[in-house]
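# Per-entry structural report
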Amino acid sequence: MIERALLAKPRGFCAGVVMAIGAVEKAARQEDRPVTVYHSIVHNHTVVARLERERGVHFVEDLDSVPALPGGGDTIVFSAHGVSPLVRARARELGLSTIDATCPLVTKVHTEAKKYAREGYTILLIGDSARHQEVIGTQGEAPEATLLVGVLGKTGEGLHDPYTVRVPDPERVVVLTQTTLSVDDTRRTVDILKARFPALLIPPSEDLCYATKNRQDEVKRIAKQVDAFLVVTSTHSSNGMRLLELAEAECGRALRLESAADLDGLNLEGVRTVGITSAASTPDDLVQAVVERLRAANPALVVSEEGEWEHIEFREPKKLGPNGMAL
Ligand code: SF4
């Protein structure tokens, strides 16, 4: 029987996710034609399914398909992960109005990429996949100047190895990162690059976001006290999968769930104390449903959460017409 559940705090939605989902919901309420989102607004299956089912929102991976969508929507929302300038330009060509729900902490990395490319630097952009939407968007700001570098242990699929990556001018090289990587692996990767390129420029403020760091810190704090960790996340959530890896490394037994229904397939044999956390894109009602299901199966379960919630909010984005003017 499971006796204790330690709920991570913070867990779940970050300020960027709250802002992005809020932007889609507001647009869906206000627009008289269906709203379309370029890519999943955040990387969680339940969030996307609810917006489709309850708000009639369309999700596309190709802007050219927007004009042919049922209802003829003419407003596109860019997801929290950001987009490349090519996508923005195509939206203008198609005459689409835009709502840019890119997280401001991703926009900050785009701004850095543009600045350093203008100044003649080679940008080493550390990421966990060349196919991640955030990596594609950031690289798109300065494609000629950017080399993707795999975070420690991840190479292939368009990612250079930090031990072997070559740059045209080792005196003019800067490192930027995806916002949602493992804090520890990113630090080690930067250390490798710094050893290879002593002049490596590291921007004054880190690119890893506060939500990524706080959720990883909390997993580390709890992991030593539990027999297993449950991580509620979709597989395509970068920050969620990093929590899963960290929990596995720290407590030796981490299990992923999409929702409470997945508990049935998990082996919790011998677990007396369990930790629970969730990705920055996971709605908290999914976590509460996991807790309720555990409680139903373990009537004496004591649930506790310590930690602190974050108090960060991002401004909602404005709708812009195809000419870039606010509507
Ligand atoms: Fe922004 Fe970080 Fe949340 Fe991503 S995880 S949306 S970068 S705050």
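Residues numbered from 1 in each chain as written. Predicted model: local features only at pLDDT ≥ 70, side-chain atom pairs only at ≥ 80, totals over all residues. Heavy atoms only, no water.

### Digging into the packing of aromatic side chains
To be explicit about the condition: The aromatic pairing rule takes the rings of Phe, Tyr and Trp, using the six-membered ring of Trp, and pairs them if the centres are within 6.5 Å, calling planes under 30 degrees apart stacked, those over 60 edge-to-face and the rest tilted. In our convention, an over-ring charge means Lys NZ or Arg CZ found within 6 Å of a ring centre and within 35 degrees of that ring's normal.
Here the structure, examined in full by the defined rule, presents one aromatic pair. Sitting above the plane of the Tyr-121 ring, Arg-172 keeps its charged end 4.4 Å from the centroid.

### Considering empty space enclosed by the protein
Put simply, the test is: Site definitions follow a grid-based scheme: protein atoms alone, a 1 Å grid, a 1.4 Å probe that fits but cannot get out for cavities, and for pockets an open set with protein on both sides within 12 Å along at least five of seven lines, plus lining residues having an atom within 4 Å of a point. Grid points are joined across faces, edges and corners, and a volume is the space filled by probe spheres set on the points. By definition, any uninterrupted DSSP run of H or I lasting at least four residues is a helix, any uninterrupted run of E lasting at least two residues is a strand, and each is numbered from the N terminus. Asp, Glu, Lys and Arg are counted as charged, while Ala, Val, Leu, Ile, Met, Phe, Trp, Tyr, Cys and Pro are counted as nonpolar; the rest, among them Gly, fall into the polar class.
Inspection of the entire model under this criterion finds one cavity of 30 Å³ or more. The space that makes up the largest cavity amounts to roughly 300 Å³. Together, 24 residues line the largest cavity, and Cys-14, Val-17, His-81, Thr-180 and Asn-239 are the ones closest to its centre. Put simply, the parts of the chain that give the lining of the largest cavity at least two residues each are α1 (15-30), α4 (104-118), α7 (210-223) and α8 (238-251). For the lining of the largest cavity, the element with the highest residue contribution is α7, accounting for three residues. A class-by-class count of the residues in the lining of the largest cavity yields twelve nonpolar, eleven polar and one charged.

### Some words on α8
Where we set the bar: In this analysis, the expected span of each helix is defined as 1.5 Å times one less than the number of residues it contains. Throughout, exposure labels follow a simple rule: accessible area from a 1.4 Å probe, protein chains only, divided by the maximum for the residue type, with under 20% read as buried, over 50% as exposed, and the rest as partly exposed. Note on contacts: a residue pair is in contact if any heavy atoms of the two residues lie within 4.5 Å.
In this model, α8 (14 residues) spans 20 Å end to end at C-alpha, consistent with the 20 Å of a helix rising 1.5 Å per residue. With respect to burial, α8 is a largely interior element, ten of its 14 residues being buried. Of the positions making up α8, those classed as buried are Ser-238, Asn-239, Gly-240, Met-241, Arg-242, Leu-243, Leu-244, Leu-246, Ala-247 and Cys-251. Those residues of α8 hidden inside the fold are in contact with α7, β9 (228-232), β10 (254-257) and β11 (273-278). Positive phi appears at Gly-252, one or two residues downstream of α8, with a value of about 85°.

### Focus: the sheet that holds strand β1 (residues 4-7)
Where strands meet in a sheet, backbone hydrogen bonds hold them as pairs that are either parallel or antiparallel. Applied cut-off: At least two DSSP bridges between two strands are needed for those strands to be called paired. Here an angle of 0 to 180 degrees is reported between the N-to-C directions of two axes, which are lines fitted to C-alpha atoms, with helices fitted over the stretch in contact.
As summarised here, the arrangement of the five strands in space is β10-β9-β11-β1-β12, forming an open sheet in which the pairing is parallel. The open sheet is flanked by β10 and β12 (302-305), the only strands paired with a single partner. Across the sheet, the axes of successive neighbouring strands diverge by a mean angle of 25°, strand direction being ignored. Lying over the sheet, α8 contacts β9, β10 and β11, oriented at roughly 180° with respect to β9. Each of β1, β9, β10, β11 and β12 is contacted by helix α9 (residues 284-297), which is oriented at about 160° to β11, the strand it contacts most.

### Things to note about unusual backbone geometry
That bond from Lys-9 to Pro-10 is cis: its omega, 15°, falls within 30 degrees of zero. Tracing the sequence through the fold places Pro-10 in the loop between β1 and α1. Phi at His-39 takes a positive value of approximately 75°, unusual for a residue other than glycine. Tracing the backbone through its elements, the reader meets His-39 in the loop between β2 (36-38) and α2 (45-55). On the basis of relative accessibility, which here comes to 11%, the residue His-39 falls in the buried class.

### Quick notes on the sheet that holds β2
Reading across from one edge, β3-β2-β4-β5-β13 is the order of the five strands in this open sheet, with mixed pairing throughout. Since the sheet does not close on itself, it has two edges, and those belong to β3 (58-60) and β13 (319-320), each with one partner. For β2 and strand β4 (residues 75-78), the ladder comprises three bridges, and the chain directions are parallel. Paired with Val-37 across the bridge in β4 is Val-77.

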